[in-house]
Amino acid sequence: MSRTIGAGKPRASEPVWVEVVDGVRLPRRLAGHPALELCNTLANCSEPQAAFDYLADFESLCVWATREGLLDATLAAATRRAMAADSVAAARELERVRAFRVALWRTLVDPTPEDRRVVSGQVEKAARVLQLRLEPSARFTFPADLGARLPLLAAAWSAAGLLVSPERERVRRCAGIDCGWLFLDTTGRRRWCMMASCGNRAKARRFAERRLGTGS
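### Observations regarding the packing of helix α4 (residues 87-109) against helix α6 (residues 150-163)
The contact between α4 and α6 brings their axes to 10 Å, and the two run at 10°. Overall, the two elements α4 and α6 adopt an arrangement that is roughly parallel. Along its contact with α4, which presents Glu-93, Arg-96, Val-97, Phe-100, Leu-104, Thr-107 and Leu-108, the element α6 presents Leu-152, Ala-155, Ala-156, Ala-159, Leu-162 and Leu-163. Considering only residue class, the contact of α4 with α6 consists of ten nonpolar, one polar and two charged.

Structure (structure tokens):
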């Protein structure tokens, strides 16, 4: 979805595809999986150089990861505070997240060996530091001392879960022109990221084309 929206503080009236979380503007959740939601933080991911990036800074990344359930709020807040004091590390990890995001999008849409290498490399790093917690219920967690690496590793492990699951075959790309957003098609009939945006634009475009064709 091609969107010319600027970074900064939330507006009084946001577009339908935007939601504000903890003062940060993020794309609305619509993909059905955190890994796809990560891809959708870059509007028009198929053309990264012309795309709008919702992950404007490390704070935006932490807010997004918390929203997706990849980080708990307490750990995310601690990570944000630590990275506020180390802007170089925060910027470095943010760029790694962005590179992983593009490689993941391509892996899901039209992969190259290099994309697979980038994705698998981050998944392997995540697997090496995962810990199994048995109490109060069995689950995998990441050590709290990973610092700036934590959001990327959590996102990579989530992506691994999608890539090896049957849901992988349900991943679809929005049919909207210049969109590129991904989602899980659980019905076999979904075409649009949002009917209220790309779907309505397509309807308006077809209507205009019909009017031109009839000369009315």
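### Structural notes on a nonpolar patch on the surface
On the surface, a cluster of nonpolar side chains totalling about 440 Å² of accessible area is made up of Leu-132, Leu-134, Phe-140 and Trp-157. Inspection of the secondary structure assignment puts Leu-134 in the loop between β5 (131-133) and β6 (139-141). Here Leu-134 falls in the exposed class, since its relative accessible area comes to 56%.

### Digging into the confidence of the model for the protein
Low pLDDT marks stretches whose predicted atomic positions should not be read closely. Averaged over all residues, the pLDDT of the protein equals 85, while 83% of them reach at least 70. When mean pLDDT is compared element by element in the protein, helix α1 (residues 34-39) scores highest at 98, while helix α7 (residues 195-214) scores lowest at 63. Across residues 1-8, where pLDDT falls below 50, the model places 32 contacts with residues more than four positions away in sequence or in other chains.

### Considerations on the pairing of strand β2 (residues 24-27)
On β2, burial covers both faces: Val-24 and Leu-26 on one face and Arg-25 and Pro-27 on the other are all buried. What sits between the antiparallel neighbours strand β1 (residues 18-21) and β2 is a turn of two residues, in which Asp-22 has the positive phi angle 50°.

### What about helix α3 (residues 73-84)?
In this model, α3 (twelve residues) spans 16 Å end to end at C-alpha, consistent with the 16 Å of a helix rising 1.5 Å per residue. Listed in full, the buried residues belonging to α3 are Leu-75, Ala-76, Thr-79 and Met-83. Buried positions in α3, seen along its axis, are confined to an arc of 100° and lie on one side of it. Facing away from the buried side of α3 by over 90 degrees, the exposed positions are Ala-73, Thr-74, Arg-81 and Ala-84. Where the residues of α3 are buried, they touch α2 (58-67), α4 and α6. N-cap assignment for α3: the residue whose side-chain oxygen lies 3.1 Å from the backbone N of Thr-74 is Asp-72.

### Quick look at the pattern of salt bridges
Under the defined criterion, the tally for this structure stands at ten salt bridges. A salt bridge links Glu-59 to Arg-80, with the nearest nitrogen and oxygen atoms 2.8 Å apart. A residue pair is termed long-range when its members are at least 10 positions apart, and Glu-59 in helix α2 and Arg-80 in helix α3 qualify at 21 residues.

### Brief notes about the packing of α2 against α3
Each pair of packed helices can be summarised by the angle the axes make with each other and by the distance between the axes. Running from amino to carboxyl end, α2 crosses α3 at an angle of 170°, the nearest separation of the two axes being 10 Å. Comparing their axes, α3 and α2 come out roughly antiparallel. Taking contact as the criterion, the partners of Phe-58, Glu-59, Cys-62, Val-63 and Thr-66 in α2 are, on α3, Ala-73, Ala-76, Thr-79, Arg-80 and Met-83. Partitioned by chemical class, the residues of the contact of α2 with α3 number six nonpolar, two polar and two charged.

Each value, and the rule that gives it
Residues numbered from 1 in each chain as written. Predicted model: local features only at pLDDT ≥ 70, side-chain atom pairs only at ≥ 80, totals over all residues. Heavy atoms only, no water. Axes fitted to C-alpha atoms, helices over the stretch in contact; angles between N-to-C directions. Helix = DSSP H or I, 4+ residues; strand = E, 2+ residues; numbered from the N terminus. Parallel < 35°, antiparallel > 145°, perpendicular 65-115°, else oblique. Contact = heavy atoms within 4.5 Å. Nonpolar A, V, L, I, M, F, W, Y, C, P; charged D, E, K, R; others polar. Patch = residues over 30% accessible without salt bridge, like charges linked within 9 Å, V, L, I, M, F, W, Y side chains within 5 Å. Areas by Shrake-Rupley, 256 points an atom, 1.4 Å probe, with all protein chains shown as cover. Salt bridge = Lys/Arg side-chain N within 4 Å of Asp/Glu carboxyl O. Buried < 20%, exposed > 50% of the residue type's maximum accessible area, 1.4 Å probe, protein only. pLDDT = per-residue confidence, 0-100. Pairing = 2+ DSSP bridges. Expected span 1.5 Å × (residues − 1). Arc of directions from axis to C-beta. Polar contact = N/O pair within 3.5 Å; in protein donor to acceptor, adjacent residues only side chain to side chain.

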